[in-house]
Amino acid sequence: MAELPLVVIVGAGFGGLTLARRLAKAPVRVLLIDRNNYHLFSPLLYQVATAMLDPAEIAQPVRKLIRGQRNCDFLQAEVRDLDFSGRQVITDRGRVRWDYLVLATGSATNYFGNASLKERSYGLKQLPDGLSLRNRVLDRFERSRWEESVEARRTMLSFAIIGGGPTGVELAGALAELIHLVLRKDFRGLDVGETRVTLVEGGDRLLPAFHPSLSEAAARSLRRKRVDVRLGTLVEEVHPGEVVLQDGTSLAADTVVWTAGVRASELGERTGVELGRHGQVPVGPTLQLEGHPNVFVIGDAAGLDDLPMLIPVAMQQAKHVASALTRLVAGAAPGTFQFRDPGIMATVGRNSGIAQLGRIRLHGFPGWAMWLGVHLMNVVTFRARAVVLLNWAWDYLFYDRPIRIMVSAAPAAPEGDHGASAARAAGTTTSSM
Ligand SMILES: Cc1cc2nc3c(=O)[nH]c(=O)nc-3n(C[C@H](O)[C@H](O)[C@H](O)COP(=O)(O)OP(=O)(O)OC[C@H]3O[C@@H](n4cnc5c(N)ncnc54)[C@H](O)[C@@H]3O)c2cc1C
């Protein structure tokens, strides 16, 4: 009997994981590849950075998520290149052959070539970013406690978040609450007047994807939380202890977080096609790569009709590709993708959120309640959902952020030759699935 075709999916994020699961009953074998062994629920990453949640609550092992799926296996590897003539992905653990390939490699922080930003600011894209930032914030408070110079303390306790999109707004609100509601109690001698959280946005309003009335509601709510919201402010460079602005002035900031730029994953460059906006790989309405009917690109990595880099886009495209692949295997045409906009939302802190669902606009408590419900339901496993709910309830009732510990992992042991042999084993396993 002929072997079932092998679908190789690169990326176990929202697009890749949804696709793998959707192919559970399709007449194909599936190999999911990711550089990390976990799937990250990115919308709550800012809560790891602000001591609300632990990594295990927002990241789940891929193997656990696919273990009930007999036609699917996982390879932890970094995909470095694509060999279209040999139909192989080239990973740091060897080559893997595909019958069908789906690139779902997401996006990365974009510093627009600004070296000072890249070197001196924190990103908030990957799980280690969230942990680094949490350590940094807690470290600044521990150090400032024993610093005698008021000036030095003020600098140490100044935080600038650059980028007034959802990530910047959510982080600014959560950081201000961490300082004013929690750390203030830990550091009894702390004068909160010496702390400063500044949110810097280049445009004339926060959250430009939302209706202007919701942008204003978010800015008002942040200001009530004592966040210094600076609109129409462009950053030139980051120096130690300060952010230099394009108008020649500067603002004190010992910790700078950059959330203002994103670009599609670098793997897109290996497709050989001319990349579009944000470095995305242009795809047609079927989501196939031009000239390669067996190759699809989905999610943040794909450029189609200026769709935003959001989870619903990645998940809907994954569902489309699952049915397109099933049709292709059966000898039918793949069909075209159509996006249905489910709305957007963001939270600014306790009792304060905004949501825009078609013509319905919510802010304040209703927006917050909706944000809470939607995000809770989408946390991937039941256990994580329960723990997240418990942490949120604890924080809400007791004004407490339980994860106020600084911890960093020792570097992983070098892999030596094991990498390549593991890749060969993975290749053999998948072809014998
Ligand atoms: C902090 C933050 C908050 C966000 N909040 C929201 C929100 O509230 N709502 C919303 O809709 N969207 C939100 N987004 C955007 C959302 O996360 C993305 O749109 C979504 O994850 C895109 O899904 P994807 O499958 O394309 O990529 P991802 O989910 O990013 O998955 C890509 C996967 O590919 C892997 N990968 C990349 N390159 C390689 C390689 N070369 N080899 C192997 N593996 C590779 C990565 O490790 C990753 O697991 C947020 C993003 C961030 C960073």
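Residues numbered from 1 in each chain as written. Predicted model: local features only at pLDDT ≥ 70, side-chain atom pairs only at ≥ 80, totals over all residues. Heavy atoms only, no water.

A.B. asks: Before we move on, can you summarise the overall build of the protein with the specific residues and values?
C.D. replies: On a plain count of helices and strands, the protein comes out with 13 helices and 25 strands. For 433 residues, the compact-globule estimate of 2.2 N^0.38 gives 22 Å, and the protein sits close to it at 23 Å. Its C-alpha atoms give the protein principal-axis dimensions of about 75 × 55 × 45 Å. Considering the protein as a whole, with its 433 residues, one finds that 52% of them fall into the buried category. In the protein, of all internal contacts separated by at least 6 residues, the share reaching a separation of at least 24 is 65%. Carbon and sulfur atoms form 52% of the exposed surface of the protein, whose accessible area is close to 20,500 Å². Side chains of the protein give 49 positive and 43 negative charges; the mean places of these two sets differ by 8 Å. (Helix = DSSP H or I, 4+ residues; strand = E, 2+ residues; numbered from the N terminus. Rg over C-alpha atoms; globule rule 2.2 N^0.38 Å. Buried < 20%, exposed > 50% of the residue type's maximum accessible area, 1.4 Å probe, protein only. Contact = heavy atoms within 4.5 Å. Areas by Shrake-Rupley, 256 points an atom, 1.4 Å probe, with all protein chains shown as cover. Lys, Arg positive; Asp, Glu negative; His and termini not counted. Charge placed at Lys NZ, Arg CZ, Asp CG, Glu CD.)

A.B. asks: Tell me what's going on with the sheet that holds strand 6 (residues 79-83), and back it up with residues and numbers.
C.D. replies: Spatially, 3 strands are ordered 6-7-8 in an open sheet, and the strand pairing comes out antiparallel. For this open sheet the edge positions go to strand 6 and strand 8 (94-97), each flanked by a neighbour on one side alone. Averaged over neighbouring strand pairs, the angle between their axes works out to 25 degrees when direction is ignored. The pairing of strand 7 (residues 88-91) with strand 8 spans 4 bridges and is antiparallel. (Pairing = 2+ DSSP bridges. Axes fitted to C-alpha atoms, helices over the stretch in contact; angles between N-to-C directions.)

A.B. asks: Could you give an account of the site of the ligand, naming the residues involved and the relevant values?
C.D. replies: Surrounding the ligand, one finds 27 residues, the nearest of these being Gly15, Asp34, Ser42, Val79 and Asp300. Measuring from an oxygen atom of the ligand, one finds a backbone N or O atom of Phe14 at 3.1 Å. With respect to the ligand, the backbone of Val79 contributes an N or O atom lying 2.9 Å from a nitrogen atom. Isolated, the ligand exposes 1,000 Å² of accessible area, and the fraction of that covered by the protein chains is 87%. Tallying contributions element by element places helix 10 (residues 311-329) first for the shell around the ligand, with 3 residues. Here the shell around the ligand is built from residues that sort into 12 nonpolar, 10 polar and 5 charged. (Near = heavy atom within 4 Å. Polar contact = N/O pair within 3.5 Å; in protein donor to acceptor, adjacent residues only side chain to side chain. Nonpolar A, V, L, I, M, F, W, Y, C, P; charged D, E, K, R; others polar.)

A.B. asks: Account for the packing of aromatic side chains, naming residues and giving values.
C.D. replies: Considering all chains together, one arrives at 9 aromatic pairs under this definition. Look at Trp368 and Tyr396: their rings are 5.4 Å apart centre to centre, the planes differ by 25 degrees, and that puts the pair in the stacked class. Of the two residues, Trp368 sits in helix 11 (residues 365-378) while Tyr396 sits in helix 12 (residues 382-398), which places them 28 residues apart along the sequence. A residue is classified by how much of its surface remains accessible, and Trp368, at 11% relative accessible area, is buried. The partly exposed category is assigned to Tyr396, whose relative accessible area is 32%. Residues Trp394 and Phe398 carry aromatic rings whose centres are separated by 4.7 Å and whose planes lie at 55 degrees to one another, so their mutual orientation is tilted. Here Trp394 pairs with Phe398, and both are found in helix 12, just 4 residues apart, close to one helical turn. The exposure class of Trp394 is partly exposed, given its relative accessible area of 41%. (Phe/Tyr/Trp six-rings, centres within 6.5 Å; stacked < 30°, edge-to-face > 60°.)

A.B. asks: Lay out the packing of helix 6 (residues 127-145) against helix 8 (residues 166-186) in plain terms, naming residues and giving numbers.
C.D. replies: Contact geometry for helix 6 and helix 8: axes closest at 13 Å, N-to-C directions at 35 degrees. Along this stretch, helix 6 crosses helix 8, giving a crossing that reads as right-handed. The residues of helix 8 that touch helix 6, namely those facing Leu133, Val137, Leu138 and Phe141, are Leu171, Leu175, Leu178, Ile179 and Leu183. Here the contact of helix 6 with helix 8 is composed, by residue class, of 9 nonpolar, no polar and no charged. (Left-handed = near helix turned anticlockwise from the far one by under 90°.)

A.B. asks: Quick one: what's the story with the packing of helix 11 against helix 12, residue by residue and with numbers?
C.D. replies: Packing of helix 11 against helix 12 leaves a shortest axis separation of 9 Å and a crossing angle of 150 degrees. As the angle between them shows, helix 11 and helix 12 are arranged roughly antiparallel. Between helix 11, through Trp368, Trp371, Leu372, His375, Leu376 and Met377, and helix 12, the contact on the second element is made entirely by Arg385, Val388, Leu389, Trp392 and Tyr396. In terms of residue class, the contact of helix 11 with helix 12 is built from 9 nonpolar, 1 polar and 1 charged. (Parallel < 35°, antiparallel > 145°, perpendicular 65-115°, else oblique.)

A.B. asks: Outline helix 1 (residues 14-22), supporting the account with residue identities and numerical values.
C.D. replies: Most of helix 1 is tucked away, with 7 of its 9 residues classed as buried. All of the buried residues along helix 1 are Phe14, Gly15, Gly16, Leu17, Thr18, Leu19 and Ala20.

A.B. asks: Which residues make up the environment of Leu44, and what are the values?
C.D. replies: Considering the arrangement of structural elements, one finds Leu44 in the loop between strand 3 (38-40) and helix 2 (45-49). Here Leu44 falls in the buried class, since its relative accessible area comes to 0%. C-alpha separation for the pair Leu44 and Phe84, spaced 40 residues apart in sequence, amounts to 37 Å. In contact with Leu44, not counting residues within four places along its chain, are Leu53, Ile58, Trp371, Val379, Val388 and Trp392.

A.B. asks: So what's going on with the pattern of salt bridges? Which residues, and what values?
C.D. replies: Here the structure, examined in full by the defined rule, presents 20 salt bridges. Between Arg63 and Asp73 there is a salt bridge, and its shortest N-O distance comes to 3.3 Å. Here the residue Arg63 occupies a position in helix 4 (residues 62-66), and Asp73 occupies one in strand 5 (residues 72-76), the gap between them amounting to 10 residues. Given a relative accessible area of 48%, Arg63 falls into the partly exposed group. Given a relative accessible area of 18%, Asp73 falls into the buried group. Through salt bridges with shared partners, a single ionic network connects Arg136, Asp139, Arg140, Arg143 and Asp254. (Salt bridge = Lys/Arg side-chain N within 4 Å of Asp/Glu carboxyl O.)

A.B. asks: An account of the environment of Gly15 is requested, with residue identities and associated values reported.
C.D. replies: Note that Gly15 resides in helix 1. For Gly15, a relative accessible area of 8% puts it in the buried group. Residues Gly15 and Pro282, 267 residues apart in the sequence, show an inter-C-alpha distance of 16 Å. Apart from residues no more than four positions distant in its own chain, Gly15 is found in contact with Ala104, Ile298, Ala314 and Ala318.

Keep in mind that these numbers describe shape and distance, not what the molecule does.
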